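An overview of the molecular structure
Residues per chain, in single letters:
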Amino acid sequence: MRRVLILGGTAEARALAARLTGVHVVSSLAGRVSDPRLPAGEVHIGGFGGAEGLAAWLREHRIDRFVDATHPFAERMSASAERASRLTGVPLLALRRPGWDEEDGDDWRRVPSLPDAAAALPDGARAFLTTGRRSIPVFAARAGVWFLARSVDPPEPPVPPNVRVLLARGPYTVDGERSLIREHRLDVLVTKDSGGAMTRAKLTAAREDGLPVVMVDRPALPGGVEATGDVAAAAAWAQG
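In this report, we go over the structure that sits alongside the text. (Residues numbered from 1 in each chain as written. Predicted model: local features only at pLDDT ≥ 70, side-chain atom pairs only at ≥ 80, totals over all residues. Heavy atoms only, no water.)

Some points on the overall build of the protein
Here is the rule we go by: Going along the chain from the N terminus, every DSSP run of H or I of four or more residues is numbered as a helix, and every run of E of two or more is numbered as a strand. The globule rule used for comparison is 2.2 Å times the number of residues to the exponent 0.38, while the radius of gyration itself is calculated over C-alpha atoms. Think of it in three bands: residues with accessible area under 20% of the maximum for their type are buried, residues over 50% are exposed, and the middle band is partly exposed, with areas taken using a 1.4 Å probe on protein chains only. Contact definition: two residues touch when any of their heavy atoms are within 4.5 Å. Positive charges come from Lys and Arg, negative ones from Asp and Glu, while His and the chain ends are left out of the count. Throughout, a charge is located at the NZ atom of Lys, the CZ atom of Arg, the CG atom of Asp or the CD atom of Glu.
In terms of regular secondary structure, the protein is built from eight helices and twelve strands. Relative to a compact globule of 240 residues, whose C-alpha radius of gyration would be 18 Å, the protein shows 19 Å and is just as compact. When each of the 240 residues of the protein is scored for burial, the buried share is 47%. Expressed as a percentage of contacts within the protein between residues at least 6 apart in sequence, the contacts between residues at least 24 apart total 63%. The average position of the 31 basic charges and that of the 29 acidic charges among the side chains of the protein differ by 5 Å.

Section: helix α1 (residues 11-19)
The condition is simple: The arc in question is traced by the directions running from the helix axis to the C-beta atoms.
Glu 12, Ala 13, Leu 16 and Ala 17 are the residues of α1 that are buried. What you see down the axis of α1 is that its buried residues fit within an arc of 135 degrees, all on one side. Buried residues along α1 sit against β1 (3-7), β2 (24-29), β4 (65-68), β5 (92-95) and α8 (231-239).

Topic: the packing of aromatic side chains
As a reminder, the rule being used: Pairing of aromatic side chains here covers Phe, Tyr and the six-membered ring of Trp, requires ring centres within 6.5 Å, and sorts the geometry by plane angle: under 30 degrees stacked, over 60 edge-to-face, intermediate tilted. Charges are assigned to positions over rings by a cutoff of 6 Å between ring centre and Lys NZ or Arg CZ, combined with an angular limit of 35 degrees from the ring normal.
Scanning the entire structure with this criterion turns up two aromatic pairs. Centre to centre, the rings of Phe 139 and Phe 147 are 5.9 Å apart; their planes meet at 65 degrees, and the pair counts as edge-to-face. An identical accessibility class is assigned to Phe 139 and Phe 147; each is buried. The side chain of Arg 65 reaches across the aromatic face of Trp 237, ending 4.8 Å from its centre. Sitting over the face of the ring of Trp 146, Arg 126 holds its NZ or CZ atom 4.2 Å from the ring centroid.

So, the sheet that holds strand β9 (residues 163-167)
Note the threshold: Any two strands are treated as partners once DSSP identifies two or more bridges connecting them. Note on method: axes are straight lines fitted to C-alpha atoms, helices fitted across the in-contact stretch only, with angles between N-to-C directions ranging 0 to 180 degrees.
Taken in spatial order, the six strands make up an open sheet running β6-β11-β10-β7-β8-β9, and their pairing is parallel. Each of the sheet's edge strands pairs with one partner strand only, and the pair in question is β6 (108-111) and β9. With direction set aside, neighbouring strand axes in the sheet form an average angle of 20 degrees. Pairing analysis gives four bridges linking strand β7 (residues 126-130) to strand β8 (residues 146-151), with the strands arranged parallel. When the sheet's bridge partners are listed, Phe 128 is paired in β8 with Leu 148. Against the sheet, helix α6 (residues 174-183) makes contact with β7, β8 and β9, and its axis sits at roughly 150 degrees relative to β8, the strand it touches most. Helix α7 (residues 201-209) contacts β6, β7, β8, β10 (188-192) and β11 (213-216) of the sheet and is inclined by roughly 155 degrees relative to β10.

Quick look at α6
Those residues of α6 that fall on the buried side of the exposure criterion are Glu 177, Arg 178, Leu 180 and Ile 181. Take α6 and look down its axis: the buried residues cluster within an arc of 160 degrees, on one side only. Summarising the geometry of α6, the exposed residues directed more than 90 degrees from the buried face are Asp 175, Arg 182 and Glu 183. Buried residues belonging to α6 abut β7, β8, β9 and α7. Following α6 by one or two positions, Arg 185 has its phi on the positive side, about 55 degrees.

Some words on the packing of α6 against α7
In a pair of packed helices, the angle between the axes and the distance between the axes together describe the arrangement. The condition that has to hold: For classification purposes, an angle smaller than 35 degrees is called roughly parallel, one larger than 145 roughly antiparallel, one from 65 to 115 roughly perpendicular, and anything else oblique. Two helices that cross are described as forming a left-handed crossing if the nearer one is turned anticlockwise from the farther one by less than a right angle, and a right-handed crossing if clockwise.
Where α6 contacts α7, the axes come no closer than 8 Å and their chain directions differ by 55 degrees. When the axis of α6 is compared with that of α7, the two are oblique. With respect to the hand of their crossing, α6 and α7 are arranged in right-handed fashion. Residues Val 174, Glu 177, Arg 178, Ile 181 and Arg 182 of α6 touch α7, and the partners they reach there are Ala 201, Lys 202, Thr 204, Ala 205, Ala 206, Glu 208 and Asp 209.

Concerning the nonpolar core
To keep it simple, the criterion reads: By convention a nonpolar core is built from buried Ala, Val, Leu, Ile, Met, Phe, Trp, Tyr and Cys residues, the set being connected through side-chain atoms within 4.5 Å.
Core analysis: the biggest nonpolar cluster contains 20 residues, and Leu 121, Phe 139, Phe 147, Val 190 and Val 214 have the highest contact counts within it. Those elements that provide at least two residues to this core are α4 (114-119), β7, α5 (136-140), β8, β10 and β11. In terms of residues, this core owes the most to one element, α5, which gives three residues. Excluding its chain neighbours within four sequence positions, the residues that come into contact with Val 190 are Ala 117, Leu 121, Ala 127, Phe 128, Leu 129, Thr 130, Thr 131, Phe 139 and Val 214. Ranked by size, the runner-up nonpolar core spans 17 residues in total, among them Ala 13, Val 67, Ala 234 and Ala 235.

Here is the structure:
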């Protein structure tokens, strides 16, 4: 039986694991979320020890094909996957949900990195920060800017005085996002171009309330990696 590894943690990874039939599926989760949603099939939790460690794991577990279905901003993991594929010859496919497109009425400023996003915020702003708990120190250094930072798990203490942490897990609703914007008097949204429907409500709420959006562009995939945004196509590739 063919053995397929999914580097997961995303909704697309779970959908792919559930769709695969006739193969032995192992889904790998990085372990950064304390209570992750588990996919169907066998699950490996924890890292591999870089590209060389992943290559050794692929060989040891006789993996025939593997899919990088990690978060679009998991740049280091994607680089390790590409190198492990080259080291072992195991075919690799990247499964990436499409990014978001700007719609009529949106006011977006695209930036290439988190530090650029922090620099784009004006003094005195009250920002809705949805870029993940690990990014909080990048933004908290902006004295004079107040942040409502939403994350699934708590950030490492201490939490800076200009940051209020909101622990929550999507999916979110437009009404709920609009209520947060108004309750906390937020005037700018900072987010990553992660794509997907589960967290798009914040963009709709920002547009309807006239908030500008600082949008961090996703990093490019490593060169030479085949990619798809379609779970069915990824399943066909893994099973084919």
